[in-house]
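# Architecture and fold: a report
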Amino acid sequence: MGMSRSQGCFGYPLSIFFIVVNEFCERFSYYGMRALLILYFRRFIGWDDNLSTAIYHTFVALCYLTPILGALIADSWLGKFKTIVSLSIVYTIGQAVISVSSINDLTDFDHDGIPDNLPTHVALSMIGLALIALGTGGIKPCVSAFGGDQFEEGQEKQRNRFFSIFYLAINAGSLLSTIITPMLRVQQCGIHSKQACYPLAFGVPAALMAVALIVFVIGSGMYKKFQPQGNVMAKVVKCIGFALKNRFKHRSKEFPKREHWLDWAKEKYDERLISQIKMVTRVMFLYIPLPMFWALFDQQGSRWTLQATAMSGKIGLLEIQPDQMQTVNAILIVIMVPIVDAVIYPLIAKCGFNFTSLKKMTVGMFLASMAFVVAAIVQVEIDKTLPVFPKQNEVQIKVLNIGNDNMTVYFPGSAVTLDQMSQTNEFMTFDVDKLTSINISSTGLPITPVTHKFEQGHRHTLLVWAPNNYRVVKDGLNQKPEKGENGIRFINSFDDSFNITMDGKVYVNVTSHNASEYQFFPLGVKSFTLSPTQQTPPQCKNDFQSSNLEFGSAYTYVIRRKSDGCAELHMFEDIAPNTVNMALQIPQYFLITCGEVVFSVTGLEFSYSQAPSNMKSVLQAGWLLTVAVGNIIVLIVAGAGQFSEQWAEYVLFAALLLVVCVIFAIMARFYTYINPAEIEAQFDDDDKKKSLENSYSTVTPVSQTQM
């Protein structure tokens, strides 16, 4: 390695440093913005969960479809360097636009802290997102291919190591941004009214994108830049079209067969182009099974996060929120990439096993499939602890005695006797048709029948407080509280109504002998204040503490008047807190991360090494396309197959990937690795020979111009 070629550092071109830093900033910027997006849609613009999620997924899919566009621009028009620079500018503008769209003072003319003209904000943020999708997608295939371009022949080892470092930069960027950006959002800012600081949280990624662009341009003098070679894509498409048409014309038996279907283009196109297209189509063919891997991989953000909401986030002294589990993936990547690269691969090589790229990718698929088997096992463990909720044709009833007498309630086939201020421990489940009569009685008093139309598929609480006084309340909770929060509702056994304020949320006008709706709180002890309409005696305290809330529980708090006129609190558990520890998710994250390291890094490197020089970006884009298709598969499978059991869906996905893995292994057996540079050098030699021959023969001086 002489210093003469280009400045070097540890045998790596110095220019690589700029490319890696650029990628780090770009990913930080992208993931930082993405982490905020769904909250921004929900809380600032005020869309509901479904619309927010749909728009979010559309945006992510767009980001993986636009690489095709970027690759076309790079390989046929501007070249990779100019494409990266110009699209980074578009990207930075997009980031700036979305920061501006989140400034509420922009249209908040009456200074009440709520934007007066929402459509302006929506329009701006959509324009911002469109520019970002174009920017991030457009530069994605170019940056990795441009990095690969910086290496000389014979630097394959360094080049492979580069793709690992590159992948490391991606994940370090995303890891830091998922930790830092939420911290920025919590800051308060605003000119006229203080509120969550979205402009700052969106502004930091925008500034970083500008930094990424500047770093990239500073390195400009050191890069090896290749001139784009005309519109490659158009040629490829035309050539393939011509080959198919020609093959179809000569389909009868009397024409001799040709080795490869692309050889039917020989009449019109030169051999070099045909051989280059063969390289690309062979790799593209291998890509067909790959989206299945991404379909599983991308469920970490959706399904696995939902799984975490039914688990307990107490890991040792840490208390982890369900959506923080995703950072486990990024943390593990940052640890695993160097280990796999520096320890595991060399060990395998020492054992004399030839661990080729496609073998690595097959192993990666297998590991991801195993991760889902583990996820299914964890799901079964969770299901054991989940409460039973009513099915479509059932109702569940719990009796709560908030009066001062013992009460007996007669159901079809059973009777329950309750002391004062007590409840039935479990919800009792009844078939709607079987629930013929319910009667309440108290010692020595006539029986009161309960006449109430119970709603199917729901839980109900039957409040009783005197022999002939009862009320049926529909609970409204027929699943665990979302996001691992805790539901709390209040029941009033005073004779008049009251308000309650708990941790900033208000229960307005809870009427006598009635229950409020549930409101939801994160973990910890919450204090609440009671403001009764009818004055309690002056010496009474009206401030109370809740119990220590954990994850996913629900409670009913009954407020009753003691003999001295003051209020007192009785707590009843409706849904027990989650017990399965979130740490149990770590094995599945570990497996899928190992799968990702051997699959994804290798895929990037394989796509680069098997592509002809003028189609490097196109193949990188093809690789990213498999990610987009994977996302679409999730939407289809999740939409089509509504499984009654979540674990069954996990097993289905694992099985699908296993089948795909076997198919891929068979396809890989028949793939022969090539060195595009050698093949192209061969063509160059042939061209030289031909032009030499031609210059000797005086008969055909014209043919040189045709070359």
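Computed from a predicted structure; not experimentally measured.

## So, the layout of surface pockets
Roughly 950 Å³ of internal volume is contained in the second largest pocket. Looking at the lining of the second largest pocket element by element, the count peaks at 7 residues for helix α3 (residues 67-101). Here the lining of the second largest pocket is composed, by residue class, of 16 nonpolar, 10 polar and 16 charged.

## Here's the deal with the environment of A96
Residue position: A96 is located in helix α3. What makes A96 partly exposed here is its relative accessible area of 36%.

## So, the sheet that holds strand β21 (residues 524-532)
Read from one edge to the other, the open sheet built from 4 strands follows the order β18-β17-β21-β22, with strand pairing classed as antiparallel. Looking at strand neighbours, the two that pair on one side only are β18 (505-510) and β22 (543-549), the edges of this open sheet. Here the strands of the sheet are splayed against their neighbours by 20 degrees on average, with no regard to which way each runs.

## Brief notes about the packing of aromatic side chains
Considering all chains together, one arrives at 48 aromatic pairs under this definition. For the ring pair Y40 and F202, a centre distance of 5.2 Å and an interplane angle of 90 degrees mean the geometry is edge-to-face. On the criterion of sequence distance, the pair formed by Y40 in helix α1 (residues 15-45) and F202 in helix α6 (residues 198-218) is long-range, its members being 162 residues apart. A network of ring pairs unites the aromatic residues Y12, F151, F162, F163, F166 and Y608 as a single cluster.

## With respect to the state of the cysteines
A complete count under the given rule lists 1 disulfide for this structure. Here C540 connects covalently by a disulfide to C566, the sulfurs 1.8 Å from one another. Taking the torsion about the S-S bond as the criterion, the C540 to C566 disulfide, at about -85 degrees, is left-handed. With C540 in the loop between β21 and β22 and C566 in the loop between β23 (554-561) and β24 (567-575), this pair connects stretches of sequence that are 26 residues apart. As far as burial versus exposure is concerned, C540 and C566 are alike and both buried. Left unpaired, C63 is separated from the closest cysteine sulfur, that of C142, by 15 Å.

## Regarding the pairing of strand β15 (residues 469-474)
In terms of strand pairing, strand β14 (residues 459-466) meets β15 through 6 bridges, oriented antiparallel. What sits directly across from H460, in β15, is K474. Here β14 folds back onto β15, and the loop between the two strands holds 2 residues.

Rules used throughout
- Residue numbering note: each chain is counted from 1, following its sequence as written.
- Whole-chain, interface and lining totals are the exception, using all residues; otherwise, since this is a predicted model, local features are given only for residues with pLDDT of at least 70 and side-chain atom pairs are given and counted only at 80 or more.
- The basis for every side-chain value is the complete set of heavy atoms in the structure, and neither hydrogens nor water enter the calculation.
- Residues are called lining when one of their atoms sits within 4 Å of a cavity or pocket point, these points coming from a 1 Å grid over the protein atoms alone, where a cavity is a set in which a 1.4 Å probe fits but cannot get out and a pocket is an open set with protein on both sides within 12 Å along at least five of seven lines.
- Grid points are joined across faces, edges and corners, and a volume is the space filled by probe spheres set on the points.
- Helix and strand labels come from DSSP, where a helix needs a run of H or I of at least four residues and a strand needs a run of E of at least two; each type is numbered from the N terminus.
- Gly counts as polar in this scheme, as do all residues outside two lists: the nonpolar Ala, Val, Leu, Ile, Met, Phe, Trp, Tyr, Cys and Pro, and the charged Asp, Glu, Lys and Arg.
- The rule is simple: take the accessible area with a 1.4 Å probe, protein chains only, and divide by the maximum for that residue type; under 20% is buried, over 50% is exposed, in between is partly exposed.
- Should DSSP find at least two bridges between two strands, the strands are regarded as paired.
- A fitted line through C-alpha atoms serves as each axis, taken over the contacting stretch for helices, and the angle formed by two N-to-C directions is quoted from 0 to 180°.
- Stacked, tilted and edge-to-face pairs are distinguished by plane angle, under 30 degrees for stacked and over 60 for edge-to-face with tilted covering the rest, among Phe, Tyr and Trp rings (Trp via its six-membered ring) whose centres lie within 6.5 Å.
- Pairs of cysteine sulfur atoms within 2.5 Å are identified as disulfides in what follows.

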